[in-house]
Amino acid sequence: MIGWSGRRKAFTVLLFIGPTLLGILLINVFPILLSTYVSFTNRNKFHPNPDCTITLTSVLDPVCWPVFRTTAPRGLAEPYSLQAPLFQNYIDLVGQLFTAEAVQALILILICFLPLLVAAYLNRYFDRRITRPVSSGVLWLVGLGAGLVLAFALNASTAYQQLMSTGDFFVVVWRTILFVAIRVPLSFGLGLTLALILNSNYLPGRTFFRLILFLPWATSSLAILMALVWQFFFRERGVINQVLQILGFDGYAWLNDPATAFAAIVITDVWFSYPFFMVVILGALQSVPNDVYEAADVEGASWWTQLTRITLPLIRPAILPATVLTSITAFQMFGTAWAITQGGPVRGAGQPGATEFVIVYAFKQIYQSQNYGRASAFAVILFIFLFAATLYSLRYTRITKGAYE
Amino acid sequence: MNRQPSKRVMVVQYIILLFAALFAFYPVWFAILASGRLGDRLYTLNLGGMFLPTEWTWENYRIMLFEKPLLDWIRNSLYVAIVTSIASLLISTSAAFAVSRFRFYGREVMLIFLLAIQTFPGVLALVAVAQILTALGLYKTHEGLILAYTIGTLVFATWNMKGYFDTIPIDLEEAAMIDGCGPVQSFVRIALPLALPALAVTALLGFMAGWGDFIFASVLVPAPDTMKLAVPGLFSLANDQSVPWGYFAAGGMVIVLPTLFVFLALQRFLVGGLTAGGVK
């Protein structure tokens, strides 16, 4: 902004952002530091308590703080200590991903995605020019085709099997990425469609529909109850099968088949999450001035052109954060999956179930095997992974840039 | 896009809305039906009962409203949710304004840092948060809960408000500054009124965070009964032997009502034209 600089500016800025920073440091940053420390220790149900004579432990673990001196649990068990090879928990989790075969398989699979990357790059390049030699649809199709051809040529399915056999970590993370990639666009699309319709001033019953369509978010306080209601729909004698029976079809055990159980969780989670997008987009749409559309109408632009060239670019800064953050929350989805399948259907002893997403897996690690060290290591790996993904998406979409840059 | 749509477009729009409304409403309707059913079952295997109130009774509602401390819990929840909403609005809006309008050292780093810490799984932070609140003497108080919720909503609220401020033309504030406004004044007088739609969304978000949470509320305020919040209070009615689904559903419907009122009150601000014609 215009005008001033120096100490006065620094003071004003600090006044504006200080409370946020302080709060975040207290409630968000400290737990991360603590968990990172615990991830290097053997803290589990046999070694639950801290050894307060170690300096780092006494600073980081709240149980060692003066406030807790009298009330801290003093079990008979051994205190936890740092692991002998410091990275033992990490090695247990992802060690097998770093064998020569696994790395080779990973690279093979990544190569298959290369044509899509090239297509994306070319698209951005053409976007900046006045004329386009090929339309973006054709470009994406060619990219997809080339990717599939590469996948066949390089025998990607064997590489995929190879990666899947490297332990729980890759299986669980890959499944969660798939979930995010399906669930977020679905909720976004549904939310955007509904927001565009409900934004009209010439729609009788607008408030009524806004309220009804907001309901799933309103019931998020009853998430457990509603998730169980959804579970009943998919049960063997649930609503879907009974209706199918009347129509003359056979029922199906939706929750016992890995694919349909996955779909059931996606549908339920879309139900929970689309109103959030709807409300955020509805809010963002209010800043779009009307005269732009009038101009577009005069020029004869179709509604699709108006949507992709006017509406979406104009509300982009307001809805991108919602999309990025929803992707992160979707990655950490827990309640829906836990209520509906509890991670099942079971695929075999000692293996994660067919719908065991990352947090479900971590939850089972903590509360069933009480292996805090391992679970913290898992959280730290996820943190690094999501951090990188977020950083990339920020750079790609350039949303940290302010309004007029 | 506020122009009168043609008849054909309107028909398509209503068809989409009707399908979406059915998708949105049926599970809730199912829960409403369950709230009028006696016994410990959430479900009925009788097909008619899945769609129509075949065995409706108000008994569950009567017990929840007059024999259980549901109204106490709702009062606690209202207090927590409203204060969270206001606090989150105050703190995040000012931070968002600074980030959107000022250029200062470390601005982008701060934005990325805010998003990045959000990627840490919350379940794992819970125990540490409880210990910090104990150290501050806020464990088992509503104020501690408000603190945790407010900070929990800060990241999204800040980003959302920043995004919205970015879409508001800066020219209006520059005009105000030429006329002698300071930064604080131009924030309060110019930017805030223009950002009403986003403020409504942020307030709703804060309210929902305080109202709907189960895990934090049950860990941070575990007892006594009169201090509990609505959702954990409701679920504390269950014990090892039985889960009273009829009570849950009836209490749940009562708990959902305030959120609907808040939404109705706030959605009035989701109207366009605030910045229209401001810059010519």
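Criteria and cut-off values
The residue numbers shown here count from 1 along each chain, following its written sequence. As a convention, the first chain written is A and the first ligand written is 1, with the rest following in written order. In view of the model being predicted, local features appear only for residues whose pLDDT reaches at least 70, and side-chain atom pairs are presented and counted only at 80 or more, with totals across whole chains, interfaces and linings using the full set of residues. Each side-chain value is derived from all of the structure's non-hydrogen atoms; neither hydrogens nor water enter the calculation. Helix numbers and strand numbers start at the N terminus; a helix is a DSSP run of H or I with at least 4 residues, a strand a run of E with at least 2. Exposed residues in this analysis have more than 50% of their type's maximum accessible area, buried residues have under 20%, and partly exposed residues fall in between, with area computed by a 1.4 Å probe over protein chains only. Any two residues whose heavy atoms approach within 4.5 Å are treated as being in contact. Note on areas: Shrake-Rupley with a 1.4 Å probe; residue coverage comes only from the protein chains shown. The convention is simple: Lys and Arg are positive, Asp and Glu are negative, and His and the chain ends are not counted. Charge positions are represented by NZ for Lys, CZ for Arg, CG for Asp and CD for Glu. pLDDT: the predictor's confidence for each residue, scored from 0 to 100. The criterion is simple. A nonpolar core is a set of buried Ala, Val, Leu, Ile, Met, Phe, Trp, Tyr and Cys residues joined through side-chain atoms within 4.5 Å. Throughout, buried area stands for the accessible area (probe radius 1.4 Å) lost by two parts on being put together, summed over both. Counted as salt bridges are all cases of a side-chain nitrogen of Lys or Arg within 4 Å of a carboxyl oxygen of Asp or Glu. Polar contact is defined as a pair of N or O atoms within 3.5 Å, subject to the rule that within protein one atom must be able to donate a hydrogen and the other to accept it, and that residues adjacent in sequence are counted only when both atoms are side-chain atoms. Note on method: axes are straight lines fitted to C-alpha atoms, helices fitted across the in-contact stretch only, with angles between N-to-C directions ranging 0 to 180 degrees. If an angle is under 35 degrees, it is roughly parallel; if it is over 145, roughly antiparallel; if it lies from 65 to 115, roughly perpendicular; otherwise it is oblique. Patch definition: residues with relative accessible area over 30% and no salt bridge; like charges joined within 9 Å; nonpolar side chains (Val, Leu, Ile, Met, Phe, Trp, Tyr) joined within 5 Å. Crossing handedness is read from the near helix: turned anticlockwise from the far helix by less than a right angle, it gives a left-handed crossing, and turned clockwise, a right-handed one. Following the grouping adopted for this structure description, the nonpolar residues are Ala, Val, Leu, Ile, Met, Phe, Trp, Tyr, Cys and Pro, the charged ones are Asp, Glu, Lys and Arg, and the polar ones are all others, Gly among them. Expected span, for any helix, means 1.5 Å times one less than how many residues it has. What the bend at a residue measures is the angle between two axes, fitted to the seven residues ending there and to the seven starting there.

Caption draft 1: Quick look at the overall build of chain A. In terms of regular secondary structure, chain A is built from 17 helices and zero strands. In terms of principal-axis extent, the alpha carbons of chain A reach across some 80 × 75 × 50 Å. Residues counted as buried form 48% of the 405 residues belonging to chain A. By sequence separation, contacts in chain A at least 24 residues apart represent 72% of the contacts at least 6 residues apart. Here chain A displays about 20,000 Å² of accessible surface, and carbon together with sulfur accounts for 67% of that area. A distance of 8 Å separates the average location of the 25 positive side-chain charges in chain A from that of its 17 negative side-chain charges.

Caption draft 2: Quick look at the overall build of chain B. Along chain B, the regular secondary structure elements total 12 helices and zero strands. Ordering the α and β elements of chain B from the N terminus gives α-α-α-α-α-α-α-α-α-α-α-α. Each of the three principal axes of chain B carries a C-alpha extent, and together these read 70 × 65 × 30 Å. Within the span of chain B, comprising 280 residues, buried residues form 55% of the whole. Put simply, of all contacts in chain B between residues at least 6 apart along the chain, 74% involve residues at least 24 apart. Of the roughly 11,500 Å² of accessible surface on chain B, 68% is carried by carbon and sulfur atoms. Distance from the positive charge centre (17 side chains) to the negative charge centre (15 side chains) of chain B: 8 Å.

Caption draft 3: Examining the confidence of the model for chain B more closely. Of the residues in chain B, 92% reach a pLDDT of 70 or more, and the chain-wide mean stands at 80. Interface confidence for the predicted complex, expressed as ipTM, amounts to 0.79; the pTM equals 0.81.

Caption draft 4: Molecular detail of the nonpolar core. Counting 182 residues, the largest nonpolar core has I17, F179, L213, F214, F233 and I281 of chain A together with F165 of chain B as the members making the most contacts within it. Judged by nonpolar contacts, the second largest core, of eight residues, contains F30, L34, L60 and Y80 of chain A.

Caption draft 5: Layout of the interface of chain B and chain A. Contacts between the two partners involve 115 residues from chain B, matched on the other side by 115 residues from chain A. Taking both partners together, chain B and chain A bury about 10,800 Å²; carbon and sulfur atoms supply 77% of that area. Seen at the junction of chain B and chain A, the total is zero salt bridges. There are five residue pairs in polar contact (both at pLDDT 80 or more) connecting chain B and chain A. Here the element with the most residues in the side of chain B that touches chain A is helix α1 (residues 7-35) of chain B; it accounts for 16 residues.

Caption draft 6: Structural detail: the confidence of the model for chain A. Here chain A averages 79 in pLDDT, and 92% of its residues register 70 or above. The least confident element of chain A is helix α7 (residues 156-164) of chain A, whose mean pLDDT is 74; the most confident is helix α8 (residues 168-198) of chain A, at 88.

Caption draft 7: Structural detail: the packing of helix α9 (residues 196-212) of chain B against helix α12 (residues 245-267) of chain B. Residues and elements named next belong to chain B. Between α9 and α12, whose axes approach to 10 Å, the crossing angle comes to 170°. When the axes of α9 and α12 are compared, the pair comes out roughly antiparallel. Residues A200, A203, L204, F207, M208 and W211 of α9 touch α12, and the partners they reach there are I255, P258, T259, V262, F263 and L266.

Caption draft 8: Structural view of a nonpolar patch on the surface. All names here are of chain A. Together, Y160, W174, I177, L178, I182, L186 and F385 give the surface a local cluster of nonpolar side chains, amounting to about 550 Å² of exposed area. At five residues, the largest contribution of residues to the nonpolar patch is made by α8. You can see Y160 is positioned in helix α7.

Caption draft 9: Structural view of the packing of α8 of chain A against α1 of chain B. In the contact formed by α8 of chain A and α1 of chain B, the axes pass within 11 Å of each other and the chain directions differ by 125°. Comparing their axes, α1 of chain B and α8 of chain A come out oblique. The two elements α8 of chain A and α1 of chain B cross, and the hand of that crossing is left-handed. Contacts between α8 of chain A and α1 of chain B involve L190, T193, L194, I197 and L198 of chain A from the former and Q13, I16, L17, A20 and F23 of chain B from the latter. In the contact of α8 of chain A with α1 of chain B, the residues fall into eight nonpolar, two polar and no charged.

Caption draft 10: Representation of unusual backbone geometry within the structure. Not every positive phi belongs to a glycine, and K140 of chain B is a case in point at roughly 65°. Secondary-structure assignment places K140 of chain B in the loop between α5 (122-135) and α6 (142-167).

Caption draft 11: Highlighting the environment of L285 of chain A. Residues and elements named next belong to chain A. Relative to the helices and strands, L285 is located in helix α12 (residues 258-285). The class of L285 is buried, set by a relative accessible area of 6%. Along the primary structure L285 and T311 are separated by 26 residues, whereas in three dimensions their C-alpha atoms are 7.8 Å apart.

Caption draft 12: How the structure looks around helix α1 (residues 6-38) of chain A. Taking 1.5 Å as the rise per residue, α1 of chain A with 33 residues should run 48 Å; its terminal C-alpha atoms sit only 42 Å apart, a clear shortfall. Maximal helix bending in α1 of chain A amounts to about 50°, located at I17 of chain A; proline P19 of chain A follows within four positions.

Caption draft 13: Region of interest: the pattern of salt bridges. Residues and elements named next belong to chain B. For the structure on display, the rule yields five salt bridges over all chains. Between D166 and K162 there is a salt bridge whose closest N-O contact spans 2.8 Å. Of this pair, D166 and K162 both sit in helix α6, four residues apart, roughly one helical turn. Across the pair, K162 and D166 agree in class, each one buried.

Caption draft 14: Local environment of the environment of V221 of chain B. All names here are of chain B. Mapped onto the elements of the fold, V221 is located in the loop between α10 (215-220) and α11 (230-235). By relative accessible area, V221 is classed as buried at 3%. Those residues in contact with V221, other than ones at most four positions away along the chain, are K140, T141, L145, F216, M227 and K228.

Caption draft 15: Molecular detail of helix α14 (residues 303-331) of chain A. In this model, α14 of chain A (29 residues) spans only 33 Å end to end at C-alpha, well below the 42 Å of a helix rising 1.5 Å per residue. The sharpest bend along α14 of chain A comes to roughly 70°, located at R316 of chain A, with the proline P317 of chain A sitting one to four residues further on.

Caption draft 16: Main features of the side chain of E356 of chain A. All names here are of chain A. Take E356: it is sitting in the loop between α15 (335-340) and α16 (358-367). Under the relative-accessibility criterion, E356 is labelled buried at 5%. In this view, E356 contacts V172, R175, G343, Y361 and K364; residues no more than four positions away in its chain are not counted.

Caption draft 17: Representation of the environment of N60 of chain B. All names here are of chain B. Here N60 shows up in helix α2 (residues 59-66). Put simply, N60 and Y79 are 19 residues apart on the chain and 25 Å apart in space, counted from C-alpha to C-alpha. What N60 contacts, discounting residues up to four positions off in sequence, is A34, S35, G36, R37, L38, G246, Y247 and A250.

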